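Residues per chain are reported as follows:
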Amino acid sequence: MAPKLILLCGPSGSGKTTIVQHLLKTYSNLSFSVSATTRSKRSNEINGKDYYFLTVEEFRKKIQADEFLEWEEVYTHGFYGTLRSEVDRIAAMGKVAIFDVDVEGGVHIKGRYGKNLLDVFVRPPSVEDLYKRLVARASETPESLEKRILKATHELTYADRFNNVIINKDMHVAFAEAENLVSAFLNDHEELPVKK
Ligand code: 5GP
């Protein structure tokens, strides 16, 4: 049977990463697909856990070697990509891979996997709300903040390409909605969700 996959995507700052972390804590049979990136590591991040942090040269070599399921230059000099080896690693453990990718990456992954994929678009209630969240996160320079907001405004127009949309206004409501979707998806495939 083809492996099951869960995709959460949405603009940067939509809260999708927090929802993914919540799902990983809730279901022991999910495993995070660690993406590769060339962006700088934030102080709270761990190489190999949050991302595989690569140089641009290393990333380009992996592109040449066709090691990515999908990859993208998300911001200038910021490459991000899903490694094929992650999907294999997680399937070999008998677990369900969960992806946290941007909207373009999500569209690619969605195009590759059919009914074995649960696709969820996470969106903030508004662009103003997203702006406030990114400022609060304090991870951006004024230039990168502006880039992220411009990109997010464009990405919000993709929501209707996804089968499931969560409007992340209240985090607890969003968690509950995500759990409902995941439980239904896993049950639908005749495997009981393993809740911790
Ligand atoms: P951040 O720099 O905030 O960690 O991520 C920036 C954006 O890149 C986010 O929307 C994040 O979901 C996305 N991203 C992370 N990993 C991947 C990936 O493997 N592929 C693609 N296309 N986007 C990714």
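Preceding this paragraph is the structure being described.
A few points on the structure. (Residues numbered from 1 in each chain as written. Predicted model: local features only at pLDDT ≥ 70, side-chain atom pairs only at ≥ 80, totals over all residues. Heavy atoms only, no water.)

What follows covers the sheet that holds strand β1 (residues 5-9). An order of β2-β7-β1-β8-β9 is seen for the 5 strands of this open sheet, with the pairing classed as parallel. Bordering the open sheet on either side are β2 (30-32) and β9 (164-167), each of which pairs with just one other strand. Averaged over neighbouring strand pairs, the angle between their axes works out to 25 degrees when direction is ignored. Judged from the 5 bridges that link them, β1 and strand β8 (residues 117-123) form a sheet pairing that is parallel. If you follow L5 over to β8, its bridge partner there is L117. Relative to the sheet, helix α7 (residues 171-188) contacts β1, β7 (96-101), β8 and β9, its axis offset from that of β9 by approximately 160 degrees. (Pairing = 2+ DSSP bridges. Helix = DSSP H or I, 4+ residues; strand = E, 2+ residues; numbered from the N terminus. Axes fitted to C-alpha atoms, helices over the stretch in contact; angles between N-to-C directions. Contact = heavy atoms within 4.5 Å.)

Our next topic: unusual backbone geometry. Residues other than glycine seldom take positive phi values, yet D66 does so here, at roughly 60 degrees. By the element assignment, D66 lies in the loop between α2 (56-64) and β5 (68-75).

By size, the foremost hydrophobic cluster in this structure holds 22 residues, and its most contacted members are I6, L8, I19, L23, L30, I98 and V182. Here this core gets 6 residues from one element, more than from any other, and that element is α7. Setting aside residues up to four positions removed in sequence, L30 forms contacts with I6, L23, L24, K95, V96 and I98. (Core = buried A, V, L, I, M, F, W, Y, C linked by side-chain atoms within 4.5 Å. Buried < 20%, exposed > 50% of the residue type's maximum accessible area, 1.4 Å probe, protein only.)

Another aspect to go through is the site of the ligand. Surveying the vicinity of the ligand reveals 16 residues, the closest of which are S35, R39, Y51, E70 and Y80. Here R42 contributes a side-chain N or O atom positioned 3.0 Å from an oxygen atom of the ligand. In this structure, R148 approaches the ligand through a side-chain N or O atom, which is 2.9 Å from an oxygen atom. Its free accessible area being 510 Å², the ligand has 96% of it covered by the protein chains. For the shell around the ligand, the secondary-structure elements that each account for two or more residues are β5, β6 (78-83) and β7. By residue number, the principal contributor to the shell around the ligand is β6, which donates 3 residues. Within the shell around the ligand, the residues separate by chemical class into 3 nonpolar, 4 polar and 9 charged. (Near = heavy atom within 4 Å. Polar contact = N/O pair within 3.5 Å; in protein donor to acceptor, adjacent residues only side chain to side chain. Areas by Shrake-Rupley, 256 points an atom, 1.4 Å probe, with all protein chains shown as cover. Nonpolar A, V, L, I, M, F, W, Y, C, P; charged D, E, K, R; others polar.)

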